[in-house]
Amino acid sequence: MDTLTSLRVFCTVAELKSFTAAADRLGVSPAMASKHVIQLESRLGTRLLNRTSRHVSLTETGRLYFNQTREMLERLDEVEDAIGNVTVAPRGMLKLSAPVWAATSYFTDMLAAYNRRYPDVCLDLDLSGRLVNLVDEGFDLALRATSQDRLDPGLVARPLTNVQFRLMASPDYLERTGRPRNVGELNGHALLRYSGVNTGESMSLEGPDGPHKITFRTVMQSDNETIMHLAALRGMGLAFLPTWMAEQDIEAGRLEIVLPAIMLGFNSTLYAVYPSRKYLSAKVRTFIDFLTASTREMG
């Protein structure tokens, strides 16, 4: 059997998690698809896929092999296109990690626009908020909102836009407790504490006249921005949220920015982060370029 064909079959089975679906896509029989994978496993002397009557999944070895093989095949396709004087079209699976708060209409509109321009790219999104290992887990790209000194020096990081976390609350909460007129009046207010940013009851806030140390009363804490957002909408307390996440609620009057001149005492930038490679695939390059052109100042 042709090894290159076997590699393509294996990658397709791994992506679709089905021999039948892979066979349909590639125009071969399920039995032939299975033979190709068995041939690879025999050649390597290890099992690449776990198989049951209803489920196909990668083994630990298979996951490592898949990540490397998929990248190799995509590069080969692009080289062949270039040699044939054909414009290199992005294609294949783009595995992307992004913050939880990226699950917004604005970000989804960008994804839809990218899909219309590059329909042969399939987007595989992880919005769990966890810090993924790009290389070991086979991610092509991650969007991370952080400061430059906290980035992994072994990765390439391209800045996209500033991210501002602003203090917000629902009109209902502010009517019950009173709207703070200055930074000092924030002391004692109920806080929905985002544990990914806020480190304690007391925190430093930057105001027009300099920094202020404010002590809040934590009523809930989580490292998930979505639950913070929903709790703020329900009047549980103040919350520091990315303006990108809450812009529609602000426009509709469901949330208000409290003391717009103040902000958390640090700057955060949204970076496109990817493994350091001499050759950047067309799907990653075009996606980063598209994000750079599409993102706007979030503040």
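Anyway, here's the lowdown on the structure attached to this text. All values reported here derive from a predicted model rather than from experimental measurement.

Regarding the overall build of the chain
- On a plain count of helices and strands, the chain comes out with 9 helices and 15 strands.
- Within the chain, the fraction of its 299 residues that count as buried is 45%.
- Put simply, of all contacts in the chain between residues at least 6 apart along the chain, 74% involve residues at least 24 apart.
- Carbon and sulfur atoms make up 50% of the accessible area of the chain, which totals about 15200 Å².

Considerations on the packing of aromatic side chains
- Overall, the coordinates contain 5 aromatic pairs when judged by the stated rule.
- Taking the centre distance of 6.4 Å and the plane angle of 80° together, the rings of Phe10 and Phe66 count as edge-to-face. Here Phe10 is found in helix H1 (residues 3–16), whereas its partner Phe66 is found in helix H4 (residues 60–83), with 56 residues between them in sequence.
- Judged by its relative accessible area of 0%, Phe10 falls in the buried class.
- Ring plane angle 75° and centroid distance 5.6 Å describe the contact between Tyr114 and Phe290, whose orientation is recorded as edge-to-face. Of this pair, Tyr114 sits in helix H5 (residues 105–117) while Phe290 sits in helix H9 (residues 282–294); the two residues are 176 residues apart in sequence, bridging distant segments of the chain. Like Phe290, Tyr114 is buried.
- In this structure an aromatic cluster arises from ring pairing among Tyr114, Tyr118, Phe287 and Phe290.
- Note that Lys95 overlies the ring of Phe139, its terminal NZ or CZ placed 4.6 Å from the centroid.

Describing the sheet that holds strand E4 (residues 121–126)
- Read across the sheet, 5 strands follow the order E4-E3-E5-E15-E6 without closing on themselves; strand pairing throughout is mixed. Where the open sheet ends on each side, the last strands, each with one partner, are E4 and strand E6 (155–163). Going across the sheet, the axis of each strand differs from the next one's by a mean of 25°, ignoring polarity.
- In terms of strand pairing, strand E3 (residues 92–97) meets E4 through 6 bridges, oriented parallel. Paired with Lys95 across the bridge in E4 is Asp124.

So, the layout of surface pockets
- Taken as a whole, the second largest pocket encloses approximately 410 Å³ of empty space.
- Lining the second largest pocket are 16 residues, and of these Thr12, Glu15, Arg25, Asp77 and Gly92 lie nearest its centre.
- Within the residue set of the lining of the second largest pocket, elements represented by two or more residues are H1, helix H2 (19–26), H4 and E3.
- With 5 residues, H1 is the single largest residue contributor to the lining of the second largest pocket.
- By residue class, the composition of the lining of the second largest pocket is 6 nonpolar, 2 polar and 8 charged.

So, the environment of Leu141
- Positionally, Leu141 belongs in strand E5 (residues 141–146).
- Distance from Leu141 to Ala272, taken between C-alpha atoms, is 6.8 Å for residues 131 residues apart in sequence.
- The contact partners of Leu141, leaving out residues within four places of it in the chain, are Lys95, Leu96, Ser97, Leu134, Ala272, Val273, Tyr274, Phe287 and Ile288.

Quick word on a nonpolar patch on the surface
- A cluster of nonpolar side chains, contributed by Leu26, Val28 and Met32, occupies part of the molecular surface with about 200 Å² of accessible area.
- Relative to the assigned elements, Leu26 resides in helix H2.

Things to note about helix H8 (residues 243–252)
- Residues Thr243, Trp244, Met245, Ala246 and Asp249 constitute the buried set of H8.
- The inward-facing, buried residues of H8 abut H5, strand E7 (165–169), helix H7 (225–233), strand E12 (238–242) and strand E15 (268–275).

Considerations on the packing of H2 against helix H3 (residues 30–44)
- Relative orientation of the contacting elements H2 and H3 amounts to 105°, with a least axis distance of 8 Å. One finds that H2 runs roughly perpendicular with respect to H3. When H2 is examined against H3, the residues Phe19, Thr20 and Ala23 are found in contact with a partner set consisting of Pro30, Ala33, Ser34 and Val37.
- Taken together, the residues of the contact of H2 with H3 break down into 5 nonpolar, 2 polar and no charged.

Rules of the game
- Residues numbered from 1 in each chain as written.
- Predicted model: local features only at pLDDT ≥ 70, side-chain atom pairs only at ≥ 80, totals over all residues.
- Heavy atoms only, no water.
- Helix = DSSP H or I, 4+ residues; strand = E, 2+ residues; numbered from the N terminus.
- Buried < 20%, exposed > 50% of the residue type's maximum accessible area, 1.4 Å probe, protein only.
- Contact = heavy atoms within 4.5 Å.
- Areas by Shrake-Rupley, 256 points an atom, 1.4 Å probe, with all protein chains shown as cover.
- Phe/Tyr/Trp six-rings, centres within 6.5 Å; stacked < 30°, edge-to-face > 60°.
- Lys NZ or Arg CZ within 6 Å of the ring centre and 35° of its normal.
- Pairing = 2+ DSSP bridges.
- Axes fitted to C-alpha atoms, helices over the stretch in contact; angles between N-to-C directions.
- 1 Å grid on protein atoms, 1.4 Å probe; cavity = no way out; pocket = protein on both sides within 12 Å on 5 of 7 lines; lining within 4 Å.
- Points joined across faces, edges and corners; volume = space filled by probe spheres on them.
- Nonpolar A, V, L, I, M, F, W, Y, C, P; charged D, E, K, R; others polar.
- Patch = residues over 30% accessible without salt bridge, like charges linked within 9 Å, V, L, I, M, F, W, Y side chains within 5 Å.
- Salt bridge = Lys/Arg side-chain N within 4 Å of Asp/Glu carboxyl O.
- Parallel < 35°, antiparallel > 145°, perpendicular 65-115°, else oblique.

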